[in-house]
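Descriptive analysis of the structure
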Amino acid sequence: MGVDVTVVGGGISGLACARAVQAGGLSVRVLDRGRRVGGRLASRTLWGRPVDLGASYFVSDDADFDDVVHGWADRGLARPWTDTFAVIDADGEQTIKKGPMRWAAPRGLRSLAVDLAEDLEVRTEHTVERVEPYRVDGHDAGEVVLAMPGPQAARLLTAAPGSDIEWEPVIAVALRWDSRHWSSDLHGAFVDADPDVSFIADDGDRRGDGAGVLVVHTTAERARRHLDDPATAIPPVLDAVRRLLRIDTSPAGTFAHRWTFARPVGTAGKPFLRSPGLSACGDAWGDRAAVRTAWGSGHALGTALAGA
């Protein structure tokens, strides 16, 4: 059965697009190669609990997204986390910085993508080989939306939208101790001038269960050395974290996850790409890469498609 719109990519942008299309009265189908929806809103069950290995948090400063966020909060899916992060210098000295409220998800950020996918036709473990205007793998697909990083879209068609935007890799390293060995004031921290680590999140604080789990994002330079074998990034990252946070014990468990296309270096400066039969959305569009940008890009494109 044909549909009006086919969205390729089941991350937050693709799901937001699909929901807006469906709300506008058109039929829509989402195709995703993963076992579950979510994309970089990735949570994995480790040590008996969900651990966020993709996006670290999200901020809401948009009226439309704010409605979605507060709907999640009302149903216990999202919670205000913190407006205070630390900045750690190369010597481990911390400076506290106030900022916007960062939100987290008690069940992991993937749970938010699962919520967005509710009542949508979603086909997971579906690998798309080729797209073109109005067609996916040689079949009629209605309007086609690419909701993925440009380098991934480039595998599906030549001159893919957004393929000229550079992306950086990240390896997310999860570290578990039996109890916390760092200050209770540490919610999350940006790390300056370290060759290995760029961000540290207290996942127990973020989740709200107090678990002794840190999730560490590498620098792009460190990630590039370990893309073929992410686990080999664990020793240098662990050494850096123990030095920066002055932790004198070894963790009880470790895990590493590779993101080849973790974040765009720049953005296109417009909310989405719209062209007849083939459009694109995601966090490489808009003013800056962020979860709210990805949602806003998909929502705006879906609204445009439904109103066409």
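Residues numbered from 1 in each chain as written. Predicted model: local features only at pLDDT ≥ 70, side-chain atom pairs only at ≥ 80, totals over all residues. Heavy atoms only, no water.

What about the state of the cysteines?
Disulfides are covalent bonds that link the sulfur atoms of two cysteine residues. With the rule as written, the count across this model stands at 0 disulfides. In this model Cys17 remains outside any disulfide bridge; the closest cysteine sulfur is found in Cys281, 4.8 Å from its own. For Cys281, a relative accessible area of 1% gives the class buried. (Disulfide = S-S within 2.5 Å. Buried < 20%, exposed > 50% of the residue type's maximum accessible area, 1.4 Å probe, protein only.)

Description of the packing of aromatic side chains
By convention here, two paired aromatic rings are described through the distance between centres and the angle between planes. Evaluation of the coordinates by the stated rule reveals 13 aromatic pairs. Centre to centre, the rings of Phe65 and Trp72 are 6.1 Å apart; their planes meet at 85 degrees, and the pair counts as edge-to-face. Of the residues examined, Trp72 reaches a relative accessible area of 2% and is grouped as buried. A network of ring pairs unites the aromatic residues Tyr57, Trp81, Phe85, Phe190 and Phe199 as a single cluster. Positioned above the aromatic ring of Tyr57, the side-chain terminus of Arg102 is 5.7 Å from the ring centre. In this structure, Arg102 is placed above the aromatic ring of Phe85, and the distance from its NZ or CZ to the ring centre is 4.1 Å. (Phe/Tyr/Trp six-rings, centres within 6.5 Å; stacked < 30°, edge-to-face > 60°. Lys NZ or Arg CZ within 6 Å of the ring centre and 35° of its normal.)

Some remarks on unusual backbone geometry
Glycine aside, negative phi is the norm for most residues, and most peptide bonds take the trans geometry. Of note in this structure, Asp137 is not a glycine but carries a positive phi near 50 degrees. Inspection of the secondary structure assignment puts Asp137 in the loop between strand 9 (135–136) and strand 10 (139–140). Residue class for Asp137 comes out partly exposed when judged on its relative accessible area of 27%. Here Arg246, not a glycine, exhibits a phi torsion of approximately 55 degrees, which is positive. Tracing the backbone through its elements, the reader meets Arg246 in the loop between helix 7 (234–245) and strand 16 (253–264). (Helix = DSSP H or I, 4+ residues; strand = E, 2+ residues; numbered from the N terminus.)

Regarding the sheet that holds strand 11 (residues 143–146)
Strand order in the open sheet made by the 5 strands is 7-2-1-11-17, with parallel pairing throughout. Among the strands making up the open sheet, the edge pair consists of strand 7 (121–123) and strand 17 (278–280). Taken pair by pair, the neighbouring strands of this sheet meet at an average axis angle of 20 degrees, ignoring direction. Strand direction decides the pairing type here: strand 2 (residues 28–31) and strand 7, joined by 3 bridges, are parallel. Within strand 7, the position partnered with Val30 by the bridge is Val122. Each of strand 1 (5–8), strand 2 and strand 11 touches helix 1 (residues 12–23); the most contacted strand, strand 2, lies at about 170 degrees to it. (Pairing = 2+ DSSP bridges. Axes fitted to C-alpha atoms, helices over the stretch in contact; angles between N-to-C directions. Contact = heavy atoms within 4.5 Å.)

Quick notes on the sheet that holds strand 10
Strand pairing in a sheet takes place through backbone hydrogen bonds and is either antiparallel or parallel in direction. One open sheet holds the 3 strands; their spatial order is 8-9-10, and the pairing between them is antiparallel. At either end of the open sheet lies a strand with only one pairing partner, and these are strand 8 (131–132) and strand 10. Summarising the sheet, strand 9 and strand 10 pair through 2 bridges and their orientation is antiparallel. By the bridge assignment, Val136 is partnered in strand 10 with His139.

Considerations on the layout of surface pockets
For the second largest pocket, the calculated volume is near 260 Å³. As for the second largest pocket, its lining consists of 16 residues, and the residues nearest its centre are Asp62, Arg292, Thr293, Gly296 and Ser297. Elements that contribute at least two residues to the lining of the second largest pocket include exactly helix 2 (63–74) and helix 8 (291–307). Looking at the lining of the second largest pocket, the element that brings in the most residues is helix 8, giving 7 residues. Here the lining of the second largest pocket is composed, by residue class, of 5 nonpolar, 5 polar and 6 charged. (1 Å grid on protein atoms, 1.4 Å probe; cavity = no way out; pocket = protein on both sides within 12 Å on 5 of 7 lines; lining within 4 Å. Points joined across faces, edges and corners; volume = space filled by probe spheres on them. Nonpolar A, V, L, I, M, F, W, Y, C, P; charged D, E, K, R; others polar.)

Structural notes on the packing of helix 1 against helix 8
As a packed pair, helix 1 and helix 8 sit with axes 7 Å apart at the nearest point and diverge in direction by 30 degrees. With respect to each other, helix 1 and helix 8 are oriented roughly parallel. Every pair of crossing elements has a handedness; the one defined by helix 1 and helix 8 is right-handed. Together, Ile12, Ser13, Ala16, Cys17, Ala20 and Val21 of helix 1 and Val291, Ala294, Trp295, Ser297, Gly298, His299, Leu301, Gly302, Thr303, Leu305 and Ala306 of helix 8 make up the contact between the two elements. Looking at the contact of helix 1 with helix 8 residue by residue, the class counts come to 11 nonpolar, 6 polar and no charged. (Parallel < 35°, antiparallel > 145°, perpendicular 65-115°, else oblique. Left-handed = near helix turned anticlockwise from the far one by under 90°.)

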